[in-house]
Amino acid sequence: MRHIAAYLLLQIGGNASPTSKDVKKVLSAVGIEADDERLDKLISELEGKDVNALIVEGSSKLASVPSGGGGGGVVAIASGGGGGGAAAASEEKEEKEEEKEESDEDMGFGLFD
């Protein structure tokens, strides 16, 4: 993703046909090391093609992909007595604890670090 982003930045900046050297220069300016294999593949696949036409073509393909639906199912808990409410509260408490464990807060880095 970083390679295509740098490639598109170069195109927007007026470089009609960016080379791998150009892309590496942009990436290194922000402290990112380029993956030579992926970059060479990207450059070879985009060589001689109009990026704007590729974006339009890709957008039309994405328009035909289903992107939504009926939503999630709703779970209804019917308590048929005094004990049902306690079980439901216990399940909710366990669910909240699991959500905390899966949190990315304690991973030590941010998305854009």
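Every chain is numbered on its own, with residues counted from 1 as its sequence reads. Where totals are concerned, whole chains, interfaces and linings use all residues; where local detail is concerned, this predicted model gives features only for residues with pLDDT of at least 70, and gives and counts side-chain atom pairs only at 80 or more. Side-chain figures throughout are based on the complete set of non-hydrogen atoms in the structure, without hydrogens or water.

K.L.:
Can you explain the overall build of the chain? Please cite residues and give values.
P.N.:
By definition, any uninterrupted DSSP run of H or I lasting at least four residues is a helix, any uninterrupted run of E lasting at least two residues is a strand, and each is numbered from the N terminus. The helix and strand tally for the chain stands at 5 helices and 0 strands. Ordered by position from the N terminus, the helices and strands of the chain form the series α-α-α-α-α. For every residue, the accessible area (1.4 Å probe, protein chains only) is compared with the maximum for its type, and the residue is labelled buried under 20%, exposed over 50%, or partly exposed between those bounds. When the 113 residues of the chain are sorted by exposure, 12% land in the buried category. Residue contacts are defined here by distance: any two heavy atoms, one from each residue, within 4.5 Å place the two residues in contact. Taking contacts inside the chain between residues at least 6 apart in sequence as the whole, the part at least 24 apart equals 43%.

K.L.:
So, the nonpolar core: which residues are in play, and what are the values?
P.N.:
Put simply, a nonpolar core is a bunch of buried Ala, Val, Leu, Ile, Met, Phe, Trp, Tyr and Cys residues held in one set by side-chain atoms that sit within 4.5 Å of each other. In this structure, Ala6, Tyr7, Leu10, Val23, Leu27, Ala34, Leu39, Leu42, Ile43, Leu46 and Val51 together form the largest nonpolar core, which totals 11 residues. Only α1 (2-12), α2 (20-29) and α3 (36-46) provide two or more residues apiece to this core. At 4 residues, α3 tops the list of elements feeding residues into this core. Look past the residues within four positions of leucine 42 in its chain and what remains in contact with it is His3, Ile4 and Tyr7.

K.L.:
Which residues make up the pattern of salt bridges, and what values go with them?
P.N.:
When a carboxyl oxygen of Asp or Glu is within 4 Å of a side-chain nitrogen of Lys or Arg, the pair counts as a salt bridge. All told, the structure shown has 3 salt bridges when counted by the stated rule. Note that lysine 24 is salt-bridged to aspartate 36, the shortest N-O span being 2.8 Å. Here lysine 24 is found in helix α2, whereas its partner aspartate 36 is found in helix α3, with 12 residues between them in sequence. Note on lysine 24: relative accessible area 34%, which makes it partly exposed. Across the pair glutamate 57 and lysine 61 runs a salt bridge, and its minimum N-O distance is 3.5 Å.

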